[in-house]
Amino acid sequence: MEDEPAAPEPTTRRSKRTRAEVRPADFTRSDKIEDELEDEREESSDEFQEPRRKAKRNKATEGVSTSAAAGRKADLSLIEVIKGNGKEIPDVVKRWAEHYERNPKSAMAELLTMLFEACGAKHTIREEDVDETDVDDVVVALVNKAKKGEVEDYHSSKRDFKNFKDNLLYFWDNLVSECQNGPLFDQSLFDRCLDYIIALSCTPPRSYRQIASLMGLQLVTSFINVTKMLGSRRDTTQRQLDAEKNKKNDGPRVESLMVRLSTTHEKITTMEEMMRKIFIGLFVHRYRDIDPDIRMSCIESLGVWVLSYPSLFLQDVYLKYLGWTLNDKSAGVRKASVLALQNLYDVDDSVPSLNLFTDRFYKRMLELADDIDIPVAVCAIGLVKQLLRHQLVPDEELGSLYDLLIDDPPDVRRAIGALVYDHLIAQKFNDSQSRSTGSDSDSSEVHINRMLQILKEFSADPILSSYVIDDVWDYMVAMKDWNCIIGMLLADNPSAELDELDATSLIRLLFASIRKAVGERIVPATDNRNPHHTKAQKEMFENNKRNITFAMMKNYPKLLRKFMPDKDKVAPLVEIVVHMNIELISLKRQEQNFKLILQLMNEAFFKHGEKDNLRACVKAIKFCSTESQGALQDFAQNQVKVLEDDLVAKLKSAIKDVVNGGDEYSLLVNLKRLYELQLLHKVPLDSLYQDLVHILRSFRNIDDEVVAFLLLNMFLNVSWCLHSISSSETVSEMSLSSLLGKRDALLEELQYFLNNPFKLHDDGRSKTQLAYRVCGMLADLWCLFKRTKFASTNLEILGYSPHGSIIEKYWRICEPLLDVSDDAEDEEENKEYVEENNADTVMFALARLVATDSVPKEHLAPEIISHLDKYGVSVGEIVKHLLTALKKKGDISIILLEALKRAYQRYLIAVSSGNDDQSSKTFQECKDLAARLSGMYVGVARVKYKAEILNIVKEGINYAFSHAPKQLSFLDGVVLHFVSKLPVPEILDIMRGVERKTENVKTDEDPSGWRAYYMFLDTIREKYLKNEAVKVADVKEGTSVRRRGRPRKQQNLKGKRLFDEQSSGEEEDTIDESDLDARVDDKQEEDEPEEDKRGQTRTVDGGQATEELATPKTSGASS
């Protein structure tokens, strides 16, 4: 045989494997295959003989090593196999089944030992004790092991535990499959296993409950697989039996089929009884376990059972658990329930059986769309879509869902957007709705009209409209049908023409959709990070830009001309050009349209005076002048020059009218136009600047808004001149002198308001637009011309630093502007420039002055920080960032102490005024400020900044004693908060230092005045002695028994109940062996939990109350 050439290896292996697996009746076919292989061996060439011999020798060696490896695997215990990689589990299960056929008791003892070891307990059952051992005795012994800590923890590594759990479930699934033809129905093996699993699932140790629950739930899943196969066999047998009966044959064939049918039915009944046993004994307790992971496993499994075996589990008696857990306090459990229901409603055949369940729980499903947990809310919205698909929810119940279109979480908004598109726009869930059968354009027009009906609800607020468009955009293809939208806007047919509200909404939709198509965001992002686009996405954006340009090229001038008179439509319409590909205009010979577009934009710029319209026109004109090329660019730049000249001429005319006693409106509107133009483009104002100064100085009673825009335009012109000089290599004396003159004139006008603050008051209100503008411009000027910025340069003459008295006046102007809540700012009448005129901009200006050292920190920083508790949320955040920036630069203890002193001075002023309420309020504000500032020094910062804390404490003590006893309350109100951040030795030194300060002072003469001193010492002494006592106790304990971790729990604990409302009428049990002895007789009722207690909309997950020893067995850890 060795001289024969070896056959191809794959064929040889296939032949041998086939012969090993065939039954005796199939040997004929195997012999035939062997003959064919023999012919192939004889026809093989000689050059392949040697390698085949080598392969044969290697194969023999491999067989020896494989046999050795198989021997080693046979020596592994079941738990060791499960802890491995899981590949050997099928073979090990097969060997165990053969072992069970030879020696049932020995195999059962091995399996039960593995079951206990899987729970983490080392407990062995001997072969001879399998039948005599009582389940309760074993469970009590296992619980005692857990109390002693003799349990292996599988949760030390999440990855290892997941591998172990997967292998354990895989083992039981293979075991059920392997035993389906015998041991599964012997009423011994699995009955005994189920008794132990159910008992362990009701014990206090969490590891027992968790592993036992996993095994029990997996057994039901495996039983279902076997039962479904038996059901298929029963159906086949029934059909065969019916066929035989139709033939009127009563022979042995019919009798055999009847026996088989009866046997199969008995097996199915047995399997269903075991499923019910696990459900009643395990599931109904563990679905409300205190451990959310166990509860989640139960609900996930129930969802699988109902879906895979509806004949048993698709009943209200089982479905109600899915409905109850929609209220669970754990987000994971709620999500598992929602996903299970989502899969269930996805099966059309299951829906009729869910009518009663739906009627009872659909309102809770709708509420979950607004769940505090975002993934739960998104899944719940998907579930609502399924309900709508089956028309199980009335439309009037959906109003609250549509409000989520403008909610904060983008995932929720987009999920609602998908629902809105499917239900209201595409109307996929309404079978009776007539569908459009025309062209794509007709279908798009229908969808767009439905979208416009939705946008009508948000027509008053363009921002909210953008949110709605952003939510639906990904799903609505009609929004990218540019030709359809443009055709609807330009429709001349009166019947098809849109009304004013719909036309405005459609233009907003067009603009927003174009921005989305080219990759821009139309709503603010939550992370404020620039989006990262792949190469494919960038190519798609460019392609979209080309399509937009082709669609708009000829129609854009028509749109501008038609809608230019309407101020609500101009801004979004004009800004569309920014997202077009200007180069294509030249390639397609559309130069005349481009020129017409620019002329229409110039016309719109002078036709409207609103901020959004002016800003859009300036942005569009600037884009055209920079992005176009060749002759088109020359034309665009010439149009910009014409616009500048026309604007300056209009301004001069308006100024002349004011000087002659005319109306100020023309001046105000043109100043706004100039302001918006200067924000993006330098406008030469040399001939106009002095006219602006003259108006300010000659007409002090002019309207505040006019004054504000006069100053703003002067400031922007100064900024552009400084930028030009700073970026030039050579600077002429004339340009430098001109800049200085403009700057000084502007500073003089701004400081005029510092010297006359009453000019910034309007009917007693200091929070005017002009006040905000003055504060912002002064800060910007001081930063731009900071003296240190130009020191030792040829532009040193430009350096400027305000005097201390000016800074104090500046703060007095800013202070009342900061003392305003965020809600009060929202109520301001003038909202056109609200983002530029609010407390945030004032605080940002102050913070920039301090952070950039444009003014000495000692002037403004303490004042800013001393009012920290009075600021609104957004202003307070700016101050926090300022403190962080200052800490990075060095020691800020002097600034913090000065801030605390100023807050305390306000308290002393209130005390001197005799106003008890005010003094109490200011002292509490001082204490709150100290608490917030000391809160910066936590954790590692207490060690890193210990020197700063010590400096604050020592200097604070000196300040308190500088006017003792008048200022001693500074110790208790301020210093004490920082003392607590120091180590015990430093606290002791501070306490002794304070005591030494009163060695020669007669404190008894004024007991009330020195009360704060003694309170300060008593508080320090109490904390110090408390810490020392703890330290001494730790030392004494360490000498006797050294224990680590948290204190050990008592052995006899009160049972902690998961839901108090369910057990208010039950006595609290203690954990002992008698509870376990009563396990069989004690059955827990399946009471319905109160739905409104388990997990409310917008509620946070509850904390976990117990760890290992939780509750008695009858209620598990859940009652």
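**Student:** Mind showing me how you'd approach the overall build of the protein here?
**Tutor:** Along the protein, the regular secondary structure elements total 50 helices and 0 strands. The burial tally for the protein puts 48% of its 1119 residues in the buried class. Expressed as a percentage of contacts within the protein between residues at least 6 apart in sequence, the contacts between residues at least 24 apart total 75%.

**Student:** What is the right way to look at the nonpolar core in this model?
**Tutor:** General note: in soluble globular proteins, nonpolar side chains tend to be found buried as a group. Membership of the largest hydrophobic core comes to 336 residues, with the highest contact counts inside it found for Trp172, Phe190, Phe313 and Tyr810. For this core, the element with the most residues is helix H33 (residues 704-726), which contributes 14 residues. Excluding anything up to four places from it in sequence, tyrosine 810 contacts Leu754, Cys775, Leu778, Ala779, Trp782, Ala845, Leu846 and Leu849.

**Student:** Would you explain helix H22 (residues 482-489) in this entry?
**Tutor:** In an α-helix, one full turn covers 3.6 residues, which means residues spaced three or four apart are oriented alike. A large share of H22 lies buried, amounting to 6 of its 8 residues. Of all the residues in H22, the buried ones are Trp482, Cys484, Ile485, Ile486, Met488 and Leu489.

**Student:** I'm lost on the side chain of asparagine 713 in this one. Help?
**Tutor:** Counting through the fold element by element, asparagine 713 comes out in helix H33. Among the residues examined, asparagine 713 registers a relative accessible area of 0% and is labelled buried. Of note is the side chain of asparagine 713, whose polar atom sits 3.0 Å from the backbone nitrogen of tyrosine 675. If we ignore the near neighbours within four places in the chain, the residues touching asparagine 713 are Leu671, Leu674, Tyr675, Gln678 and Leu692.

**Student:** Sorry if this is basic, but what is going on with unusual backbone geometry here?
**Tutor:** Most peptide bonds adopt trans geometry, and most residues besides glycine take a negative phi value. In this chain, alanine 964 is followed by proline 965 through a cis amide linkage whose omega measures 0°. Among the secondary structure elements, proline 965 is positioned in the loop between helix H45 (946-962) and helix H46 (969-979). Residue glutamine 391 is not a glycine yet carries a positive backbone phi of 55°. Although it is not a glycine, glutamine 427 adopts a positive phi angle of roughly 55°. In this structure, glutamine 427 sits in the loop between helix H19 (410-425) and helix H20 (440-455).

**Student:** I would appreciate a short explanation of the packing of helix H12 (residues 292-308) against helix H15 (residues 331-345) in the present structure.
**Tutor:** Helix-helix packing: each pair is described by the crossing angle between the helix axes and the interaxial distance. Interaxial distance between H12 and H15 falls to 8 Å at its minimum, and their mutual angle equals 5°. Between H12 and H15, the angle is such that the two are roughly parallel. Residues Pro292, Arg295, Met296, Ile299, Glu300, Gly303, Val306 and Leu307 of H12 touch H15, and the partners they reach there are Gly332, Val333, Ala336, Ser337, Ala340, Asn343 and Leu344. Residues of the contact of H12 with H15, tallied by class, amount to 9 nonpolar, 4 polar and 2 charged.

**Student:** What exactly am I supposed to notice about the confidence of the model for the protein here?
**Tutor:** The predicted coordinates of low-pLDDT regions are not to be read in fine detail. Residues with a pLDDT of 70 or more make up 81% of the protein, whose mean pLDDT is 81. Ignoring residues within four places in sequence, the model shows residues 432-439, a span with pLDDT below 50, making 10 contacts including any to other chains. Per-residue pLDDT stays below 50 along residues 1029-1119; that stretch engages in 179 contacts with residues further than four places along the chain or on separate chains.

**Student:** What exactly am I supposed to notice about the environment of isoleucine 463 here?
**Tutor:** With respect to the helices, strands and loops of the structure, isoleucine 463 is situated in helix H21 (residues 462-473). Take isoleucine 463: its relative accessible area is 54%, and that puts it in the exposed class.

**Student:** Honestly, the pattern of salt bridges in this entry has me stumped. Any pointers?
**Tutor:** Side-chain pairing between opposite charges can occur once the charged atoms of the two side chains come close. Taken as a whole and judged by the stated rule, the model has 43 salt bridges. In this structure, the salt-bridge partner of arginine 364 is glutamate 367, at a minimum N-O distance of 3.2 Å. Of this pair, arginine 364 and glutamate 367 both sit in helix H16 (residues 355-367), 3 residues apart, which is roughly one turn of that helix. Arginine 364 gets classed as buried once you look at its relative accessible area, which sits at 6%. Given the relative accessible area of 39%, glutamate 367 is considered partly exposed. If you follow the salt bridges from partner to partner, you end up with Arg413, Arg414, Asp470, Asp471, Asp474 and Lys516 in one network.

Criteria and thresholds
- Residues numbered from 1 in each chain as written.
- Predicted model: local features only at pLDDT ≥ 70, side-chain atom pairs only at ≥ 80, totals over all residues.
- Heavy atoms only, no water.
- Helix = DSSP H or I, 4+ residues; strand = E, 2+ residues; numbered from the N terminus.
- Buried < 20%, exposed > 50% of the residue type's maximum accessible area, 1.4 Å probe, protein only.
- Contact = heavy atoms within 4.5 Å.
- Core = buried A, V, L, I, M, F, W, Y, C linked by side-chain atoms within 4.5 Å.
- Polar contact = N/O pair within 3.5 Å; in protein donor to acceptor, adjacent residues only side chain to side chain.
- Axes fitted to C-alpha atoms, helices over the stretch in contact; angles between N-to-C directions.
- Parallel < 35°, antiparallel > 145°, perpendicular 65-115°, else oblique.
- Nonpolar A, V, L, I, M, F, W, Y, C, P; charged D, E, K, R; others polar.
- pLDDT = per-residue confidence, 0-100.
- Salt bridge = Lys/Arg side-chain N within 4 Å of Asp/Glu carboxyl O.

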